Protein chains: 4
Amino acid sequence: MELETYNIPVNVGFSVPVRANRDSNPDGTIVNVTGVKIGGNEVVVIAGPCSIESSEQLYETAKVVKQGGARIMRGGAFKPRTSPYSFQGLGEEGLKIMRHVGDETGLPIVTEVMDTRHMEMVADYADMLQIGSRNMHNYPLLKEAGLVNKPILLKRGMMATIEEFLLAAEYILNQGNTQVVLCERGIRTFETTTRNTLDLNAVPVLKRLTHLPVIVDPSHGTGVRWIVPSMAKAAIASGADGLIVEVHYKPETALSDGNQSLYPEEFGPLMTDLKKIALAIGRDLPLP
Amino acid sequence: MELETYNIPVNVGFSVPVRANRDSNPDGTIVNVTGVKIGGNEVVVIAGPCSIESSEQLYETAKVVKQGGARIMRGGAFKPRTSPYSFQGLGEEGLKIMRHVGDETGLPIVTEVMDTRHMEMVADYADMLQIGSRNMHNYPLLKEAGLVNKPILLKRGMMATIEEFLLAAEYILNQGNTQVVLCERGIRTFETTTRNTLDLNAVPVLKRLTHLPVIVDPSHGTGVRWIVPSMAKAAIASGADGLIVEVHYKPETALSDGNQSLYPEEFGPLMTDLKKIALAIGRDLPLP
Amino acid sequence: MELETYNIPVNVGFSVPVRANRDSNPDGTIVNVTGVKIGGNEVVVIAGPCSIESSEQLYETAKVVKQGGARIMRGGAFKPRTSPYSFQGLGEEGLKIMRHVGDETGLPIVTEVMDTRHMEMVADYADMLQIGSRNMHNYPLLKEAGLVNKPILLKRGMMATIEEFLLAAEYILNQGNTQVVLCERGIRTFETTTRNTLDLNAVPVLKRLTHLPVIVDPSHGTGVRWIVPSMAKAAIASGADGLIVEVHYKPETALSDGNQSLYPEEFGPLMTDLKKIALAIGRDLPLP
Amino acid sequence: MELETYNIPVNVGFSVPVRANRDSNPDGTIVNVTGVKIGGNEVVVIAGPCSIESSEQLYETAKVVKQGGARIMRGGAFKPRTSPYSFQGLGEEGLKIMRHVGDETGLPIVTEVMDTRHMEMVADYADMLQIGSRNMHNYPLLKEAGLVNKPILLKRGMMATIEEFLLAAEYILNQGNTQVVLCERGIRTFETTTRNTLDLNAVPVLKRLTHLPVIVDPSHGTGVRWIVPSMAKAAIASGADGLIVEVHYKPETALSDGNQSLYPEEFGPLMTDLKKIALAIGRDLPLP
């Protein structure tokens, strides 16, 4: 899809909200995460573990993803777990580890915030704040995210329509924070072979309707390690501005999402493959 | 379904969490909302408007629902609206109106809380706190609800499995608050004629798996006023311990959910019909 | 819902096709299955095994369901099985058994037809022909069903919208066969605790949009024996004109659907309960 | 995904049926459609209109798609339309037109068969027979397809799980016809912006579980013309062995699916883009 196609009027059955609407910024928004630009011609890969578990785990994983070409590191300190008896994350201790590893490696860091009471604290440590799938409909949280001075990674609710996704972004934009990246991460369907159904249709649709950058999470979108590389390639081919991928230095020991985390030795070759796809569609993915 | 059927072991493909599990209280929990008991032989109907809009609106509606036989009044002061440009609720001002109307009419009141920062304040005004569908996966909010000294009405996420619903209740129970009522309110499917698909299968399933009371919201479960009475009757027949129904004194002027709110003159006849169903299955629904 | 409510115009977002439209027969169609009338004030229960397995099995089950108050017997000779290695039905041999048992017990019989080439043969044996969920979109089969001189039981596709369901009926009506009964039997959703999600919302919606009788299949709609009674009651309360229920004289030996088939001793008590619900909503369910 | 990954055992929660199972032919099946090989290193594109409408329409469209690099022509003579009042296809007259245009252009032709009674006739005209999404669960049709001496294009049911899809293929394979190509064409979800949700996760999953070739239909998988190119590229990147794309010489006049059919001038540039993706993943897509 060429940029000029954005000018063709489309009928998607609803009104795109005014601030998220591509019309309000036809050239597209570039989101700047402490120097890393998302939304330009270069595809950006965010990588790291699901949860921050220890200094060693995060540091070893960070080295791997940096070496592979990731530009931003992910990792969760506050984890929205389905069961109250699952590991809930290290909390502020995890944020401290993450900040330290980010400073050591030079990788900006993105981490999830789940509670309005933690917004300021998380913003003090992180370069980018994630609002996760389970909180896409958490409007007080979205409003707070609109008041913070950090870019926001907004994941699509697993049950959210594209219209609702855009309206969630509008909640943030409407408070004044214009640095929002959208992330398709799979929706819930009747299919049970995969954890979610990655809705790549959403990528060209969102790129057309909004000026905000759009990235894809093939880890949650599949839930299965060996499917991740295929869908990572497909996501870039579909026009995504980037990816967020789970990598763990020892997936079989992970406290969460081990089944969908790539092994360290898988990450580099995947990045090489992704660069080829990026070039094939006229973009780039610079590698170290 | 007789009580003894609860003793037959069932295989539902997952482990019911320990505190929500019926095994932990085989006779079933009775939740006491300022004197109104949910979970016993009597079916309890909660009714009122979607949003609190004014003293007059709430008071006039409260009189109608009380006269019809509702035992608890509903009404929202903090509204989780899909669009940031929709009416967001009156906030604390709405809570004050609600408390006043509750005191005037003698009806206990239930209202939604969306933000951990508001938990205490809302608990100061309300007799029961609702955690809405969009926040069923909001774990910090669930944990706070587990620490408050008021009964909780937990609505099923619109795309939550029954397993996830039980685990959300477990988050509350695990903090020490055992006064939790579950509410089936429709799930999201491909069908577009109705706003949601009311999953009444969930009623007998939940009654078997957990000791917590189970009620049904036929207003959100259908989204269409003229379907509400049929599904209210079906819900009681399926074994629900109660209903939560939207009624508005002037639906066509409602600031939210007018299309699914009953007219005042529809509520009384519906209650008469519901009583017949309750009696037909060996329960009761006392009317004034 | 009273009959007069059918006169209130409704907007469901699509045009109801002309022959299925309630406007074309506001008083509602009565479908006559060899003397048993579906669509009138009396609720009709169809019962029997999933598959015809033997003379003994069918005859013993038929006696049970007749004694309990069923008015029509169900049983499959041609079975649409997901796996080619599953029992595929006895074919014409099964039809002969069914005709014989029907004649012995005086119960009209309904059985599924899956192949346009078998339409005439099946019509020679059966009193009513079923088009199953997997064939609701099989338009050549629907057209043939429109040309046969027997009433049709059309089941909703497991992922068919209400609009598509009405259009499938229209295929039959448009060929001249006006004796069509619609059957809600559960739709496919993300929920996995139950085999399907029984969409009882569809009952009042269909009753309003079309003049055709509407029945419910709580066996396929739940997939679990112990949920069937609750949903059978809910279906009658929602306004269904009847039910189709799986009963097997020895469910644990059934060649198909044993898990959702009622035991013989469960059927009679269920019918007694259903009659109470029918009376509570102003209808009847005459028992022997 | 490299071929060797097929050797890693995977747990998908069900048993892959024996004949469809990759274990029964680890190197993968090549399906030969009158000389065009699907399943090898070269990506194959099938293109043409939804319905055959006239000689002129088909011939003009065929020239365009051949010139663009399509290797097989698609077009429907028997159309499974949701409404009985929609254009139902030209029937055998359409098949004659298609055969003639195929012979003129040298393109093998694939067309849908919907009725067991037509299997032989359609096989007389076509090079490949399509079983459409609405008939994936039509087991008598699958069995007949297993007896015919032509390759089969089996589309995934819009409501079918991957397990059911493999079992549908097994019905064909089990009758002796081993020339089966699977086609992902979008599944039905709650999202309404697109006609279906294209499930590209299914491509790597199917490639791993079965030896049969897998292609993708981005036209039905999106339902919107301007989304087709992005998803066509994504499909190739995900590992699909080919595509089936709707192209019409005058989409605005099409009797079916005009909204999702590419304009003639869009097809050539798309093919050039697709070749780049194919090369980027180590495959090829030879162009004229």
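Just above sits the structure.
Definitions and limits used
Residues numbered from 1 in each chain as written. Chains lettered and ligands numbered in written order. Predicted model: local features only at pLDDT ≥ 70, side-chain atom pairs only at ≥ 80, totals over all residues. Heavy atoms only, no water. Least-squares fit on C-alpha atoms with pLDDT ≥ 70 in both. Contact = heavy atoms within 4.5 Å. Helix = DSSP H or I, 4+ residues; strand = E, 2+ residues; numbered from the N terminus. Expected span 1.5 Å × (residues − 1). Buried < 20%, exposed > 50% of the residue type's maximum accessible area, 1.4 Å probe, protein only. Axes fitted to C-alpha atoms, helices over the stretch in contact; angles between N-to-C directions. Parallel < 35°, antiparallel > 145°, perpendicular 65-115°, else oblique. Left-handed = near helix turned anticlockwise from the far one by under 90°. Nonpolar A, V, L, I, M, F, W, Y, C, P; charged D, E, K, R; others polar. Phe/Tyr/Trp six-rings, centres within 6.5 Å; stacked < 30°, edge-to-face > 60°. Lys NZ or Arg CZ within 6 Å of the ring centre and 35° of its normal. 1 Å grid on protein atoms, 1.4 Å probe; cavity = no way out; pocket = protein on both sides within 12 Å on 5 of 7 lines; lining within 4 Å. Points joined across faces, edges and corners; volume = space filled by probe spheres on them. Buried area = accessible area lost by both parts, 1.4 Å probe. Salt bridge = Lys/Arg side-chain N within 4 Å of Asp/Glu carboxyl O. Pairing = 2+ DSSP bridges.

Trainee: Could you clarify how one ought to interpret the relation of the copies chain D and chain A in this entry?
Mentor: Turning one copy of the chain about an axis and sliding it along that axis gives the other copy, so a rotation and a shift relate them. For the match of chain D to chain A, the screw axis carries a shift of 0.0 Å, the RMSD comes to 0.0 Å, and the turn is 180 degrees. As the rotation angle and translation indicate, the two copies are arranged about a two-fold axis. Across chain D, the smallest distance between a C-alpha and the rotation axis is recorded for D:A234, namely 2.1 Å. Taken as a fraction of all interface residues of chain D, those also at the interface in chain A reach 100%, which identifies the copy contact as same-surface.

Trainee: Explain the environment of B:G28 here, please?
Mentor: Residue and element names in this part refer to chain B. On the secondary structure map, G28 appears in the segment before strand 1 (31-33). Separated by 36 residues in the primary sequence, G28 and V64 place their C-alpha atoms 31 Å from one another. When sequence neighbours within four positions are dropped, the list of residues in contact with G28 reads R22 and H211.

Trainee: Can you help me understand helix 2 (residues 92-105) of chain A in this one?
Mentor: Three or four residues apart is the spacing at which side chains of an α-helix point the same way, because the helix has 3.6 residues per turn. Residue and element names in this part refer to chain A. Spanning 14 residues, helix 2 covers 20 Å between terminal C-alpha atoms, matching the ideal 20 Å at 1.5 Å per step. Taken residue by residue, helix 2 has G94, L95, I97, M98, R99, V101, G102 and T105 as its buried positions. Its buried side turned inward, helix 2 meets helix 1 (55-68), strand 4 (72-74), strand 5 (109-112) and helix 3 (119-125). One or two steps after helix 2, the chain reaches G106, where phi turns positive at roughly 80 degrees.

Trainee: How should I be thinking about the packing of helix 8 (residues 228-238) of chain B against helix 8 (residues 228-238) of chain C in this particular structure?
Mentor: Think of two packed helices as two axes; the pair is described by the angle between the axes and how far apart they sit. Interhelical geometry of helix 8 of chain B versus helix 8 of chain C gives an angle of 155 degrees and a closest axis separation of 7 Å. By the angle between their axes, helix 8 of chain B is roughly antiparallel relative to helix 8 of chain C. Crossing of helix 8 of chain B over helix 8 of chain C shows right-handed handedness. Between helix 8 of chain B and helix 8 of chain C, the residues in contact are B:S230, B:M231, B:K233, B:A234, B:A237 and B:S238 and C:S230, C:M231, C:K233, C:A234, C:A237 and C:S238, respectively. In the contact of helix 8 of chain B with helix 8 of chain C, the residues fall into six nonpolar, four polar and two charged.

Trainee: It is not clear to me how the packing of aromatic side chains should be interpreted in this structure. Could you clarify?
Mentor: Taken as a whole, this structure holds four aromatic pairs over all chains when the rule is applied. Pairing B:Y139 with B:Y171 gives two aromatic rings, centres 4.6 Å apart and planes at 20 degrees, and the pair type is stacked. Here the residue B:Y139 occupies a position in helix 4 (residues 139-145), and B:Y171 occupies one in helix 5 (residues 162-173), the gap between them amounting to 32 residues. Like B:Y139, the residue B:Y171 is buried in the burial classification. When the ring centre of C:W226 is taken as origin, the NZ or CZ atom of B:R208, which lies over that ring, is 4.2 Å away.

Trainee: When you look at empty space enclosed by the protein in this model, what are you seeing that I'm missing?
Mentor: Applying the stated criterion across every chain yields a total of five cavities of 30 Å³ or more. Classifying every residue of the lining of the largest cavity gives six nonpolar, four polar and four charged.

Trainee: I would appreciate a short explanation of the interface of chain C and chain B in the present structure.
Mentor: The parts lose accessible area when they come together, and the size of an interface is often stated as this lost area. Of the residues lining the interface, 40 residues belong to chain C; the matching set on chain B comes to 40 residues. Approximately 3,400 Å² of surface area, both sides summed, lies buried where chain C meets chain B, with 68% of it carried by carbon and sulfur atoms. If you sort the residues of chain C by the area they bury against chain B, C:F190, C:N201 and C:W226 come out on top, with a joint share of 23%. At the surface where chain C touches chain B, the tally comes to two salt bridges. Across the pair C:R156 and B:E191 runs a salt bridge whose closest N-O atoms are separated by 2.8 Å.

Trainee: Explain the sheet that holds strand 5 (residues 109-112) of chain B to me, please; I cannot follow it from the model alone.
Mentor: Paired through backbone hydrogen bonds, the strands of a sheet run either parallel or antiparallel to each other. One closed barrel accounts for eight strands, arranged 3-4-5-6-7-8-9-10 (chain B); its pairing is parallel. Ignoring which end each strand starts from, the neighbouring axes of this sheet average 25 degrees apart.

Trainee: Could you clarify how one ought to interpret the packing of helix 1 (residues 55-68) of chain B against helix 2 (residues 92-105) of chain B in this entry?
Mentor: Residues and elements named next belong to chain B. Helix 2 packs onto helix 1 with a crossing angle of 35 degrees between their chain directions and a minimal axis gap of 10 Å. Handedness of the helix 1/helix 2 crossing: right-handed. Across the interface between the two elements, S55, L58, Y59, A62 and K66 from helix 1 touch I97, M98, V101, E104 and T105 from helix 2. For the contact of helix 1 with helix 2, a count of residues per class yields six nonpolar, two polar and two charged.

Trainee: Looking at this structure, how should I read the sheet that holds strand 5 (residues 109-112) of chain C?
Mentor: Residues and elements named next belong to chain C. Pairing is parallel around the closed barrel formed by eight strands, whose spatial order is 3-4-5-6-7-8-9-10. The average angle at which neighbouring strand axes cross in this sheet is 25 degrees, direction not considered. Sheet topology note: the strand 4 (residues 72-74)/strand 5 ladder contains two bridges and is parallel. By the bridge assignment for strand 5, R74 is matched with V110. On top of the sheet, helix 2 (residues 92-105) reaches strand 4 and strand 5; it is set at about 165 degrees to strand 5, its chief contact.

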